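# Notes for the structure review
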Amino acid sequence: MIVLLAFAFLSGVITILSPCILPVLPIVLSGGVGGGKARPFGVLAGFVVSFTAFTLALSAIVQALGIPVDALRIVAVVLIILFGVVMLVPWLRNRFELLTSRIARRSGKAPDTQRRNGFWSGVVVGLSLGLIWTPCVGPIMASVISLALTQHVDGGSVSITLAYTLGTSIPMLGVMLGGRALLNRVPALTRNAGSIQKVFGALMIIIGVAIGLGWDRQFQTFILRALPGYGTGLTAIEKTAPVQFALKTRSPSPSNVMRSAGSAAGVFQAPEVAPANGMLGDYGAAPAFLTNGTWFNTEGLSAAPGQTAQGGSMPLMLESLRGKVVVVDFWTYSCVNCVRTLPYLKAWYDAYRDKGLVIVGVHTPEFEFEKSAANVARAIHELGVTWPVVQDNDYDQWSAYANQYWPAHYFIDAKGRVRYFHFGEGEYDVSEKVIQALLKEAGANVGGIVSRPTR
């Protein structure tokens, strides 16, 4: 556990470099603009409490209250917009500072006015920030999130999340204190502090509206298309042997559902070491499509008999795809690591679809708002995903593969057996050679590396 805590903390520290959080960096920086000296610490306090609590308990809260999965995120967006308005309008800013001063006096803390006006206003920003903070996560936080979304949180999950959040807080504090120091040391900026607050107020309003409309994800996609290598490898530190061993000790044993998914010849069992260099193996029969979630883009493929359409598409059965090579892609639409793989998946699908290749995307949500079928459908359209996708909100398919990664690709041959798998980004040429080898086994005529990713 100590290994996981240490690496979770380190992963949190480098999160600030991730393209996932670019859209909300101005909100972090605003914590050092205006207000009292304690505002940055208020932002951190609110963020640590909010991100930790909602990462671990949001799924349970949503189910207990019976509210839409986007409800609390919308609340956070509204608070950010309102705080932006407060920063933009001096009269409102003065009234808000007066209100937070009264709260501080009643709590018996922060004797000086500057501290009273800073900490509690920062807490409001931090609480909202924790709800919209969607970082790129590696397998350590993936293991925590998968447990949280299935409401199986343990003490280790709490400790890991706290370590990750505290690690994230360090660069956040540096950004806020650095911005404040810059304002204080440059006379021209000091003289125009009021105007700078208004600028950040306007930025917060714009960002709040953009997040509410989903433009933040479109911005991330734009950045990745312009700079496809940006942020690559930030979670690579979590692929080290000590982390992998520690994660295996936390992973539950294969479920009965998983065992029943295979044939008598053996179910899928991942080896201790992932295959490399395209070396094909036989890891057992691929688990059936277990999830009962909504399907998308299944038109023209064999659907499960007796099933009705969900979201305009019919459910698939793995057995109906016998004779075809299947790539099962675990992904989620807000994960930039997953988004970066999509151009290669598109290229493979275009090049080999007529040769017998089927890609099935398993959309296993990283955050609660990704459970919305409408949000997934919108993302599928905007990202240009044309192959079948199924929602895995309850982590049934994820658990069947004992998966721990976004993205993860499992390569299934024409007989329905897992022959290769790859975690994370990279090695696209190797993956394509695996596809070609499996297609050749099935009798297709393929050769050369013909795919060219398009963005």
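Values in this document were obtained by computation on a predicted structure and should not be read as measured data. (Residues numbered from 1 in each chain as written. Predicted model: local features only at pLDDT ≥ 70, side-chain atom pairs only at ≥ 80, totals over all residues. Heavy atoms only, no water.)

## Observations concerning the side chain of Ser431
Where we set the bar: In DSSP terms, a helix is any run of H or I states spanning at least four residues, a strand is any run of E spanning at least two, and both are numbered starting from the N terminus. Only protein chains enter the calculation, and the probe is 1.4 Å; a residue is then buried if its accessible area is under 20% of its type maximum, exposed if over 50%, and partly exposed in between. Two residues qualify as a contact provided that any one of their heavy atoms is within 4.5 Å of a heavy atom in the partner residue.
Structurally, Ser431 is set in helix H17 (residues 428–441). Classification of Ser431 by relative accessible area gives buried; the value is 2%. Those residues within four positions of Ser431 in sequence are excluded, and the remaining contacts are Trp348, Phe411 and His422.

## Brief notes about unusual backbone geometry
Residue Pro407 is reached from Trp406 by a cis peptide bond, and omega for that bond is -10 degrees. As for its placement among the helices and strands, Pro407 is situated in the loop between helix H16 (396–400) and strand S5 (408–412).

## A look at the nonpolar core
Filter applied, for reference: The nonpolar core is taken to be a set of buried Ala, Val, Leu, Ile, Met, Phe, Trp, Tyr and Cys residues, with the residues joined through side-chain atoms within 4.5 Å.
In this structure, Ile27, Leu129, Ile132, Trp133, Val328, Tyr401 and Tyr410 are the most contacted members of the largest nonpolar core, which totals 113 residues. Examining the composition of this core, we find that nine residues originate from one element, helix H14 (residues 336–352), more than from any other. In this structure Tyr410 touches Phe268, Val326, Val327, Val328, Phe330, Tyr401, Asn403, Tyr420, Phe421 and Phe423, once residues within four positions along its chain are discounted.

## Observations regarding the pattern of salt bridges
Spelled out, the test is: Think of a salt bridge as a Lys or Arg side-chain nitrogen and an Asp or Glu carboxyl oxygen that are within 4 Å of each other.
This model, assessed by the stated rule, comprises five salt bridges. Asp282 is paired through a salt bridge with Arg417; the nearest N and O atoms lie 2.9 Å apart. Within this pair, whereas Asp282 is found in the loop between helix H13 (256–261) and strand S1 (295–296), its partner Arg417 is found in the loop between S5 and strand S6 (418–423), the two being separated by 135 residues in sequence. Note on Arg417: relative accessible area 16%, which makes it buried. For Arg419, the salt bridge identified is with Asp413, shortest N-O distance 3.1 Å. The pair Arg419 / Asp413 is uniform in exposure class, with both members buried. Sharing partners across several salt bridges, the network here consists of Asp413, Arg419 and Glu441.

## Remarks on helix H4 (residues 71–88)
As a reminder, the rule being used: Take the number of residues in a helix, subtract one, and multiply by 1.5 Å to get its expected span.
With 18 residues, H4 should reach 26 Å at 1.5 Å per residue; the first-to-last C-alpha distance of 26 Å fits that figure. Taken together, the buried positions of H4 are Leu72, Arg73, Ala76, Val77, Ile80, Phe83, Gly84, Val86 and Met87.

## Let's talk about a nonpolar patch on the surface
Rules: Residues enter a patch when their relative accessible area is above 30% and they make no salt bridge; the linking distance is 9 Å between like charges and 5 Å between nonpolar side chains (Val, Leu, Ile, Met, Phe, Trp, Tyr). Accessible surface is estimated by sampling points in the Shrake-Rupley manner with a 1.4 Å probe; for residues, cover comes only from the protein chains shown.
Taken together, the side chains of Phe9, Val153, Val158, Leu162, Leu166 and Ile170 make up a nonpolar region of the molecular surface, amounting to roughly 460 Å² of accessible area. Per-element accounting of the nonpolar patch gives the leading share, four residues, to helix H8 (residues 155–185). Accessibility expressed as a relative area gives 37% for Val153, which makes it partly exposed.

## Side note on the packing of aromatic side chains
Under the convention used in this document: Ring geometry is summarised as follows: Phe, Tyr and Trp rings, the Trp one being its six-membered ring, pair when their centres sit within 6.5 Å, and such pairs are stacked at plane angles under 30 degrees, edge-to-face over 60 and tilted between the two. Both a distance and an angle decide whether a charge sits over a ring: NZ of Lys or CZ of Arg must be within 6 Å of the ring centre and within 35 degrees of the ring normal.
Here the structure, examined in full by the defined rule, presents 20 aromatic pairs. Taking the centre distance of 4.5 Å and the plane angle of 45 degrees together, the rings of Tyr401 and Tyr410 count as tilted. The exposure class of Tyr401 is buried, given its relative accessible area of 1%. Sitting over the face of the ring of Phe369, Arg73 holds its NZ or CZ atom 4.1 Å from the ring centroid.

## Things to note about empty space enclosed by the protein
So the rule is basically this: Within this scheme a cavity is a closed region of a 1 Å grid, computed over the protein atoms alone, that accommodates a 1.4 Å probe without allowing it to escape, whereas a pocket is open but has protein on both sides within 12 Å along at least five of seven lines; lining residues each have an atom within 4 Å of a point. Grid points are joined across faces, edges and corners, and a volume is the space filled by probe spheres set on the points. Polar here means any residue other than Ala, Val, Leu, Ile, Met, Phe, Trp, Tyr, Cys and Pro, which are nonpolar, and Asp, Glu, Lys and Arg, which are charged; Gly is therefore polar.
Considering all chains together, one arrives at five cavities of 30 Å³ or more under this definition. In this structure, the largest cavity occupies an estimated 220 Å³ of space. Sorting the residues of the lining of the largest cavity by element identifies helix H3 (39–65), H4, helix H6 (113–132) and helix H7 (139–149) as the ones contributing at least two each. Of the residues contributing to the lining of the largest cavity, the split by class is 11 nonpolar, four polar and three charged.

## Things to note about the environment of Thr221
As for its placement among the helices and strands, Thr221 is situated in helix H11 (residues 215–226). The spacing of Thr221 and Arg340 is 119 residues in sequence and 8.6 Å in space, taken between C-alpha atoms.

## A word on the side chain of Ser50
Note the threshold: Polar contact is defined as a pair of N or O atoms within 3.5 Å, subject to the rule that within protein one atom must be able to donate a hydrogen and the other to accept it, and that residues adjacent in sequence are counted only when both atoms are side-chain atoms.
By secondary structure assignment, the location of Ser50 is in helix H3. A polar contact is formed between the side chain of Ser50 and the backbone oxygen of Leu127, at a distance of 2.7 Å. For Ser50, the residues in contact, after removing those within four places along its chain, are Thr55, Gly126, Leu127, Gly130 and Leu131.

## Some words on the pairing of S5
Selection criterion: Following DSSP output, two strands are said to pair if at least two bridges run between them.
Among the five residues that make up S5, five are buried, leaving the element largely enclosed by the rest of the structure. In this structure, strand S2 (residues 325–331) lies alongside S5, joined through five bridges in antiparallel fashion. Of the residues in S5, the one forming a bridge with Val327 is Phe411. Inspection of the sheet shows S5 paired to S6 by five bridges, in the antiparallel sense. From the neighbouring strand, Ala408 faces S6, where its bridge partner is Phe423.

## What about the state of the cysteines?
Operational definition: Cysteine sulfur atoms that pair up within 2.5 Å are treated as a disulfide.
In total, this model carries zero disulfides according to the counting rule given. We note that Cys335 lacks a disulfide partner, and the nearest cysteine sulfur, in Cys338, lies 3.1 Å from it.

## Details of the packing of H4 against helix H10 (residues 193–213)
Spelled out, the test is: Angles run from 0 to 180 degrees between N-to-C directions of axes, and those axes are lines fitted to C-alpha atoms, restricted for helices to the stretch in contact. Each angle receives one of four descriptions, namely roughly parallel if under 35 degrees, roughly antiparallel if over 145, roughly perpendicular if within 65 to 115, and oblique otherwise. Throughout, a crossing is termed right-handed when the near helix is turned clockwise from the far one, and left-handed when it is turned anticlockwise from it by less than a right angle.
In the contact formed by H4 and H10, the axes pass within 7 Å of each other and the chain directions differ by 160 degrees. On the basis of the axis angle, H4 is roughly antiparallel to H10. The element H4 and its partner H10 pack so that their crossing is left-handed. Listed contacts from H10 to Arg73, Val77, Ile80, Ile81, Phe83, Gly84, Val85, Met87 and Leu88 of H4 are Gln197, Lys198, Phe200, Gly201, Ala202, Met204, Ile205, Gly208, Val209, Ile211 and Gly212.

## Details of the layout of surface pockets
In this structure, the second largest pocket spans a volume of roughly 360 Å³. Those elements that provide at least two residues to the lining of the second largest pocket are H4, H10, H11 and helix H15 (373–383). For the lining of the second largest pocket, the residue count by class is six nonpolar, six polar and five charged.

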